[in-house]
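# Remarks on the overall topology
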Amino acid sequence: MTDTTTGVFPTTRAEGCPFDPAVGYAGLRAADGLTKLSCPAGVDAYVLSSYDQVRDLLNDPRLSSRGAVSNHVVVDRELTADAPPGSIIHLDGPAHSRLRRLLTAEFTVKRMRALREYVSELIESHLDEMLAKGGPVDLVQGFALPIPSLVICELLGVPYADRERFQSHSVILISTDATTEQAQTAVDDLSEYIAGLVTAKMQQPADDLLSRLIQRGNESEQPLSMQELITLSISLLIAGHETTANMIGLSTLALLRNPEQLATLRDDPSLVESAVEEMLRYLSIVQYGLLRYATEDIEYGDETIKAGEWLVAALASGNRDESVFPDADTIDVRRNPATHLAFGYGAHQCIGQQLARVELQEVFSRLYRRIPNLRLAVPFEEIRFKHNALAYGVEALPVTWDA
Amino acid sequence: MRITIDEETCIGAGQCVLAAPEVFDQREDDGVAVLLTETPGKDQRAAVDEAAVRCPALAIRLEQ
């Protein structure tokens, strides 16, 4: 596989290497200093490709997230537009901290571990259903998508009777096949539903995230508005649903393609935590990196990044940096790469990372042991990947097993 | 070894709790990191170093 640096931001993966980042990053990492490239959305951006560059700059308060997340490739809003109210990923400084502080209590290590039993029961019941029905099944539709979606429902406090409606909307919302109109209809319907849910929680608070968030906001200097609560809820839904679902599907495929690694993991339960971190590192599903904007001049090495210029922190590239992760292009479930960049870095690092860990750890502990002879039901070459989505994954994963 | 946490900088990611669960915890009302002990034993040194490196906000300071 050759790796050449051109003047264009890397977005294309090599033929036959669906688990490796887009071609071009290795050359960028080998170059001295930062390289400025033209991005598909028509902006030029410095690409932070090495592990150190990503960490150094994502923690720099002079960089703004206003253009987040991947607007340099997948355009979904005007680059320099003001952040919509409640859009935590686009906000900076005190406006960002205000929302982050109101939410972090909901995603602590302790609170997420308390959800472990619910998550494991959910996984077991889906596996029971799959095994009873028999293969082949699409692991994405039957397992990877519903589990994180139902966990978000549980967190937010969506009543059981509404979960099917909620799930069908959220599947459209994150689908790459949905038209813009279908996606907009799903956003509108979900916003309307969440507005109703927020009103209900205001009148009758329960023991759930949304009720506590409303209360915590009310006790703060600036209570959360209805628009903020809706945007926050939808952000949590998308961030928590699509990413975990993609990680479940893509990890399973990558492990099926590396059977000795899958066997090592299956035979030694103590490797589950390490294996989850390794798959997060290896797959780095936020595939185009994080877009940032310099609010003032920044000296970095020999370069001066001027105010008003754009930067892209290429998480997938930093996670393949050989100087930090030797043999970085190989899966090693024993590696335990605790300092990987898959959840980002800096003030915006993934707020739901402890939830993702619990979900993925429970999947890794159960799926491959309950179905030890899990295998693809179609040739590998027929698997379709989400090449144009912000979060990379498989469109479908037909699997089967011996009864 | 003396540890200090910059509470203003902390973003409540929980990385320190994963790295050194005997030294760090998170406050229940806002998720900010707190110390379970200010003077952890030598056996915690490696775990505390890892916590400081993993912190996405560089909010943990270590002094000998």
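A few points on the structure. (Residues numbered from 1 in each chain as written. Chains lettered and ligands numbered in written order. Predicted model: local features only at pLDDT ≥ 70, side-chain atom pairs only at ≥ 80, totals over all residues.)

So, on to the overall build of chain B. Each helix and strand in chain B was counted, giving two helices and four strands. N-terminal to C-terminal, the α/β element order of chain B is β-α-β-β-α-β. Taken along its principal axes, the extent of the C-alpha atoms in chain B is 30 × 20 × 15 Å. Buried positions account for 38% of the 64 residues belonging to chain B. Long-range contacts, defined as pairs at least 24 residues apart, comprise 59% of the intrachain contacts of chain B with a sequence gap of at least 6. (Helix = DSSP H or I, 4+ residues; strand = E, 2+ residues; numbered from the N terminus. Buried ≥ 20, exposed ≤ 12 C-beta atoms within 10 Å, placed from the backbone. Contact = placed C-beta atoms within 7 Å.)

Scanning chain A from terminus to terminus reveals 15 helices and ten strands. Relative to a compact globule of 403 residues, whose C-alpha radius of gyration would be 22 Å, chain A shows 21 Å and is just as compact. The principal-axis extents of the C-alpha atoms in chain A amount to approximately 60 × 55 × 40 Å. Burial statistics for chain A: of 403 residues in total, 45% are counted as buried. In chain A, the proportion of contacts linking residues at least 24 apart, taken out of those at least 6 apart, comes to 70%. (Rg over C-alpha atoms; globule rule 2.2 N^0.38 Å.)

This part covers helix 12 (residues 259–267) of chain A. All names here are of chain A. Here helix 12 has its buried residues at Gln261, Leu262, Leu265 and Arg266. Down the axis of helix 12, the buried set is contained in an arc of 135°. They therefore lie on one face. In helix 12, the exposed positions that point more than 90 degrees away from the buried face belong to Pro259, Glu260 and Asp267. Its buried side turned inward, helix 12 meets helix 11 (226–256), helix 13 (272–283) and helix 15 (353–370). (Arc of directions from axis to C-beta.)

Our focus in this paragraph is the interface of chain B and chain A. With 18 residues of chain B at the contact, the number on the chain A side is 17 residues. For the side of chain B that touches chain A, the elements supplying multiple residues, two or more each, are helix 1 (15–19) and helix 2 (45–54) of chain B. Across the side of chain B that touches chain A, the residue classes break down as nine nonpolar, four polar and five charged. (Nonpolar A, V, L, I, M, F, W, Y, C, P; charged D, E, K, R; others polar.)

Let us now look at the environment of Asp52 of chain A. Residue and element names in this part refer to chain A. Mapped onto the elements, Asp52 comes out in helix 2 (residues 51–58). Judged by the 12 C-beta atoms lying within 10 Å of it, Asp52 is exposed. Considering only alpha carbons, one finds Asp52 and Phe9, 43 residues apart in sequence, at a separation of 19 Å.

Turning next to helix 2 of chain A. Side chains three or four residues apart in an α-helix point the same way, a direct result of the helix having 3.6 residues per turn. All names here are of chain A. Of all eight residues in helix 2, six are buried, a share of seventy percent or more. If you check which residues of helix 2 are buried, you get Tyr51, Gln53, Val54, Arg55, Leu57 and Leu58. At its buried positions, helix 2 is contacted by strand 2 (44–48), strand 3 (63–64), strand 6 (298–300), strand 8 (310–313) and helix 14 (315–318).

Turning our attention to the nonpolar core. Residues and elements named next belong to chain A. Residues Ala45, Val47, Leu48, Val54, Leu311 and Ala313 are the most contacted members of the largest nonpolar core, which totals 130 residues. Per element, the largest residue contribution to this core is twelve residues, and it comes from helix 11. If we ignore the near neighbours within four places in the chain, the residues touching Val47 are Phe9, Leu28, Leu34, Thr35, Leu37, Val312 and Ala314. (Core = buried A, V, L, I, M, F, W, Y, C linked by C-beta atoms within 7 Å.)

In this section: the packing of helix 8 (residues 163–174) of chain A against helix 11 of chain A. Residues and elements named next belong to chain A. Put simply, helix 8 and helix 11 touch, their axes get as near as 10 Å, and they point 75° apart. Relative to helix 11, the element helix 8 lies roughly perpendicular. Contacts from Ser170, Leu173 and Ile174 of helix 8 reach helix 11 at Leu237, Ile238, His241 and Glu242. Tallied by class, the residues present in the contact of helix 8 with helix 11 amount to four nonpolar, two polar and one charged. (Axes fitted to C-alpha atoms, helices over the stretch in contact; angles between N-to-C directions. Parallel < 35°, antiparallel > 145°, perpendicular 65-115°, else oblique.)

Residue and element names in this part refer to chain A. Spatially, five strands are ordered 1-2-8-5-3 in an open sheet, and the strand pairing comes out mixed. Here the strands that pair on one side only, and so sit at the sheet edges, are strand 1 (35–38) and strand 3. Both strand 2 and strand 8 contribute to a ladder of four bridges, which runs parallel. Each residue of the ladder has a partner; that of Val47, found in strand 8, is Val312. Along the sheet, helix 2 contacts strand 2, strand 3 and strand 8; its crossing angle with strand 8, the most-contacted strand, is approximately 125°. (Pairing = 2+ DSSP bridges.)

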